[in-house]
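# Structural characterization, general
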Amino acid sequence: MTTSLTSLKDWIDKSVSQTLPENIHWCDGSEEEYNYLIKEMNKSGDLHELNQDNYPDCYLHRSDPSDVARVEHLTFICTKNEDDAGPNNNWMMPSKAHQKIDRLFDGAMRGRTMYVVPYCMGPIDSPHARCGVEITDSAYVVANMKLMTRMGSKALKRIEKEGNFVKGLHSTGQLDPNNRLIMHFPDELMIKSFGSGYGGNALLGKKCHALRIASWQAKQEGWLAEHMLIVGIENPQGETHYLACAFPSACGKTNLAMLIPPKSQPGWKVWTLGDDIAWLHLDKNGQMRAINPEAGYFGVVPGTNEKTNKNAFDMIKNKTIYTNVGLTKDNEPWWEDKDIGEPVTDWRGNSFEAPKGPAAHPNSRFTVSATNNPSYSKLAEAPDGVVISAIVFGGRRKTLAPLVYEANSWEHGVLIGAGVASETTAAAAGEVGVVRRDPMAMKPFCGYNFADYWDHWLSFSKKSNNLPKIFHVNWFRQNEAGEFLWPGFGENLRVLRWIIDRCENNVGTNETAIGGLPNSKDIDTNDLDISPEVLKELLSVENSEWRDEINSIGEYLESYGDRLPAALKKEFTKLEMALS
Ligand code: GTP
Ligand code: SPV
Ligand code: MN
């Protein structure tokens, strides 16, 4: 196979002469191809076949133990001007970055197969979709891209018609952490990733393309590429509101996107559009619409059980690739809080010994096509996406942040987004549980200077007076014993209902210095085991604590210097005054 598109052909030829693969495989995205790759990986040991009676078409992949999460310290944005990347990114001069990483690619595919993977992010016929081609020497990456994107011939056809695409060159190299780099060249629409086979480092359509490169493209073209789930909430009358929610990695997007309404909420239905990434644009009427660029999920496994997320639990019982989970004696996948079975093997493939730590890696993942999801929305394939009623920011905060509050305006909402902080999780290498600023849940993913990004967010209120309302939620408040105050998961629907009530102007708010909180009577607590005192704590704002918080937000914003938008400073001053 080859291509009629000269720019694609030239780039493949160049990559072949650089990396010197033994074979070249153009991916057509067919089921036969997928099955062939799975078979080959079973032979090579890249995959381990799970119990096919209970887990048909399910396989386990074990990563190199040094390669189990995104590596933010090895991820770079390479722009000519360092300020364009901003203090939120690691930066390298493009010429130097190419030189550094090209040395690693020289001859890297000797004796290996080079896969050419054309993919489309977004419904194949959507004007808002964007395409790319990933060159990789990892069959595991190809199989994941097949489940997670519209991959193969149709994407190639669109690329040949449009003539432009994002170029992604990937090799696992020797999986040496000292020779691992994830480089982005926004001006060239190019990604080069070396030395990792894991998730966001290696599946280049996901974080590298659909967030880092796309956020930069979106800035030029007037749209937004965000780390957001998209969910439809249908009320008993059959009306559906769509919400787009940005929570940092491993902070509850997949769970919220697949929420199952509790028995106490009869008639409510929840539809999943996407669980990780949303591309947002304004339509002719100034309404914000969202598409999910992905076609599958790369979700956190631990914690998934019949009570927390039955949709996901059922969804990963067939045609699923598990990465870094443990095994039971019956050769079934096992993870912490699965609540069924016992592990005998850990994620490294060693026999399991409890005191030595978890059986599944805390960042173990499932890869599965969205069509496996019982709550998959038909509108996920709509070329123009769905109208978003509310944007919801959130973080994992033990203290301080109330269960939910509402911004007074778009500008105030942008400030709330810019001030998001959250405890770090196992999704990225490094310490876990440290509170850090993670504006709009995009700290690891914004492909340019956050100051310019906030300016871009602010610009939307000049283009439309029909924008979604903005909210902030926190499911993770704890008491002194370290227990969660809010039951979370399915019960989060009660909070989403309040958000929708606010969008429909059905209820008022309790105005506080930081924004509008619910009056406790407006949160449905029917059948909920929660004391009025705890609810009150969840729905209150401690001004003295918030004064410390805004000092910290102020310092953070100041680190963006002169580039910080005046309108954001103005919002910040208003908040400071409200709290004084
Ligand atoms: P990424 O895929 O890394 O972007 O993560 P995500 O934001 O999709 O997070 P996910 O839904 O996978 O949840 C991560 C962890 O948080 C899991 O262990 C969940 O069990 C837990 N979690 C999710 N929602 C809630 C909640 O409402 N309350 C509590 N206490 N835990 C939750
Ligand atoms: C995240 O870390 O936000 C993820 C997993 O969704 S990864 O694909 O590794 O980025
Ligand atoms: Mn994510």
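Details of the structure are given in the entry above.
Nothing here was measured: the structure is a model prediction, and the numbers come from that model.

Residues Met288 and Ala290 point to one face of strand 17 (residues 288-291) and Arg289 and Ile291 to the other, with burial holding for every one of them. Where strand 16 (residues 278-282) and strand 17 come together, 4 bridges link them in antiparallel fashion. The residue of strand 17 that forms the bridge with Leu280 is Ala290. The antiparallel pairing of strand 16 with strand 17 creates a hairpin that spans 5 residues between the two strands, and Gly286 there sits at a positive phi of about 75°.

Another point: helix 12 (residues 450-463). Helix length check: helix 12 (14 residues) gives 20 Å between terminal C-alpha atoms against 20 Å at 1.5 Å per residue, within 8%. Helix 12 sits mainly inside the fold: 10 of its 14 residues count as buried. With a side-chain oxygen positioned 2.8 Å from the backbone nitrogen of Ala451, the residue opening helix 12 is Asn449.

With that settled, the discussion passes to the site of ligand 1. In the region of ligand 1, 21 residues are neighbours, and Ala250, Lys253, Thr254, Asn255 and Arg365 sit closest. In this structure, Ala250 approaches ligand 1 through a main-chain N or O atom, which is 2.7 Å from an oxygen atom. At 3.2 Å from an oxygen atom of ligand 1 is found a side-chain nitrogen or oxygen belonging to Arg396. When ligand 1 is considered free in solution it has 660 Å² of accessible area, and contact with the protein chains removes 91% of it.

Now for the coordination of the manganese ion (ligand 3). Coordination of the manganese ion (ligand 3) by the protein comes from Lys207 (NZ), His227 (NE2) and Asp276 (OD), over a distance range of 2.1 to 2.6 Å. Metal-centred angles of 64 to 174° between the 6 donor atoms at the manganese ion (ligand 3) mark the site as irregular. Read in sequence order, the donor residues for the manganese ion (ligand 3) give the motif K-x19-H-x48-D. Placement of the pair is His227 in the loop between strand 12 (224-226) and strand 13 (229-234) and Asp276 in the loop between strand 15 (269-274) and strand 16, with a sequence separation of 49 residues. For the pair formed by His227 and Asp276, the shared burial category is buried.

Right, let's get into the sheet that holds strand 19 (residues 320-323). Read across the sheet, 5 strands follow the order 2-3-19-22-18 without closing on themselves; strand pairing throughout is mixed. With one partner strand each, in any of the chains shown, strand 2 (48-49) and strand 18 (296-300) form the two edges of the open sheet. With 2 bridges joining them, strand 2 and strand 3 (residues 59-61) adopt antiparallel strand pairing. In the sheet register, Glu49 faces strand 3, and the bridge partner there is Tyr59.

Now for the layout of surface pockets. Volume-wise, the largest pocket comes out at about 1,200 Å³. Of all the secondary-structure elements, those providing two or more residues to the lining of the largest pocket are helix 7 (199-202), helix 8 (205-221), helix 9 (253-257) and strand 18. Looking at side-chain class alone, the lining of the largest pocket contains 18 nonpolar, 18 polar and 12 charged residues. Each of domain 1 (6-61 + 71-221) and domain 2 (226-295 + 379-579) contributes no fewer than three residues to the lining of the largest pocket. In terms of lining residues, the second largest pocket is bounded by 23 residues, among which Asp46, Asp137, Ser138, Ala139 and Tyr140 are the most central. The set of elements that each furnish at least two residues to the lining of the second largest pocket consists of helix 2 (31-44), strand 6 (113-121) and helix 5 (139-148). Tallying contributions element by element places helix 2 first for the lining of the second largest pocket, with 5 residues. Residue composition of the lining of the second largest pocket, by class: 8 nonpolar, 8 polar and 7 charged.

This next bit is on the site of ligand 2. All residues in the neighbourhood of ligand 2 are listed as Arg70, Gly199, Gly200, Lys206, Lys207, His227, Ser249, Asp276, Phe298, Arg365, Ala427 and Phe445. With respect to the pocket detection grid, ligand 2 is positioned in the largest pocket. At the level of secondary structure, the elements contributing two or more residues to the shell around ligand 2 comprise helix 7 and helix 8. Counted by class, the shell around ligand 2 contains 3 nonpolar, 4 polar and 5 charged residues. The two domains that each donate at least three residues to the shell around ligand 2 are domain 1 (6-61 + 71-221) and domain 2 (226-295 + 379-579).

This next bit is on the packing of aromatic side chains. Overall, the coordinates contain 21 aromatic pairs when judged by the stated rule. Residues Phe247 and Trp475 carry aromatic rings whose centres are separated by 6.3 Å and whose planes lie at 90° to one another, so their mutual orientation is edge-to-face. Taken as a pair, Phe247 in the loop between strand 14 (240-246) and helix 9 and Trp475 in the loop between strand 27 (469-473) and helix 13 (493-503) lie far apart in primary sequence, 228 residues in all. Summarising the aromatic geometry, the rings of Tyr405 and Trp546 are spaced 6.2 Å apart at their centres and angled 80° between planes, so their arrangement reads as edge-to-face. Placement of the pair is Tyr405 in strand 24 (residues 404-406) and Trp546 in helix 15 (residues 543-558), with a sequence separation of 141 residues. A network of ring pairs unites the aromatic residues Phe393, Trp410, Tyr448, Phe450, Tyr453, Trp454, Trp457, Tyr556 and Tyr560 as a single cluster. Between Arg396 and the ring centre of Phe476, over which it is positioned, the NZ or CZ distance is 4.1 Å. Above the face of the Phe460 ring, Lys463 is positioned so that its terminal group lies 4.3 Å from the ring centre.

Glancing now at the pattern of salt bridges. Applying the stated criterion across every chain yields a total of 36 salt bridges. The closest approach of N and O atoms between Asp339 and Lys307, which form a salt bridge, is 3.6 Å. Pair noted here: Asp339 is in the loop between strand 21 (333-334) and strand 22 (365-369) and Lys307 is in the loop between strand 18 and helix 10 (310-315), with a separation of 32 residues, a long-range link. Lys307 shares its class with Asp339; the two are exposed. The shortest N-O distance in the salt bridge between Asp314 and Lys310 comes to 2.7 Å. You can see Asp314 and its partner Lys310 sitting in helix 10, 4 residues apart, about one turn around the helix. For Asp314, a relative accessible area of 26% corresponds to the partly exposed category. When salt bridges that share partners are traced, they join Lys206, Lys207, Lys253, Asp276 and Glu294 into one network.

If you want to describe how two helices pack, look at the angle between their axes and the distance between the axes. Close contact between helix 11 (residues 410-418) and helix 12 brings their axes to 9 Å; oriented N to C, the two are set at 160°. Between helix 11 and helix 12, the interaxial angle falls into the category roughly antiparallel. Two packed elements cross with a definite hand, and for helix 11 against helix 12 that hand is right-handed. Here helix 11 contributes Trp410, Glu411, Val414 and Ala418 to the contact with helix 12, which in turn contributes Trp454, Trp457, Leu458, Phe460 and Ser461. Of the residues belonging to the contact of helix 11 with helix 12, the class tally is 7 nonpolar, 1 polar and 1 charged.

What counts, and at which threshold
- Residues numbered from 1 in each chain as written.
- Chains lettered and ligands numbered in written order.
- Predicted model: local features only at pLDDT ≥ 70, side-chain atom pairs only at ≥ 80, totals over all residues.
- Heavy atoms only, no water.
- Buried < 20%, exposed > 50% of the residue type's maximum accessible area, 1.4 Å probe, protein only.
- Helix = DSSP H or I, 4+ residues; strand = E, 2+ residues; numbered from the N terminus.
- Pairing = 2+ DSSP bridges.
- Expected span 1.5 Å × (residues − 1).
- Polar contact = N/O pair within 3.5 Å; in protein donor to acceptor, adjacent residues only side chain to side chain.
- Near = heavy atom within 4 Å.
- Areas by Shrake-Rupley, 256 points an atom, 1.4 Å probe, with all protein chains shown as cover.
- Donors = N, O, S within 2.8 Å, 3.2 Å for Na, K, Ca; no water.
- Tetrahedral: all angles 85-135°; square planar, octahedral: opposite > 155°, others 65-115°.
- 1 Å grid on protein atoms, 1.4 Å probe; cavity = no way out; pocket = protein on both sides within 12 Å on 5 of 7 lines; lining within 4 Å.
- Points joined across faces, edges and corners; volume = space filled by probe spheres on them.
- Nonpolar A, V, L, I, M, F, W, Y, C, P; charged D, E, K, R; others polar.
- Domains from an automatic or database assignment.
- Sits in = over half its atoms within 2 Å of the grid points.
- Phe/Tyr/Trp six-rings, centres within 6.5 Å; stacked < 30°, edge-to-face > 60°.
- Lys NZ or Arg CZ within 6 Å of the ring centre and 35° of its normal.
- Salt bridge = Lys/Arg side-chain N within 4 Å of Asp/Glu carboxyl O.
- Axes fitted to C-alpha atoms, helices over the stretch in contact; angles between N-to-C directions.
- Parallel < 35°, antiparallel > 145°, perpendicular 65-115°, else oblique.
- Left-handed = near helix turned anticlockwise from the far one by under 90°.
- Contact = heavy atoms within 4.5 Å.

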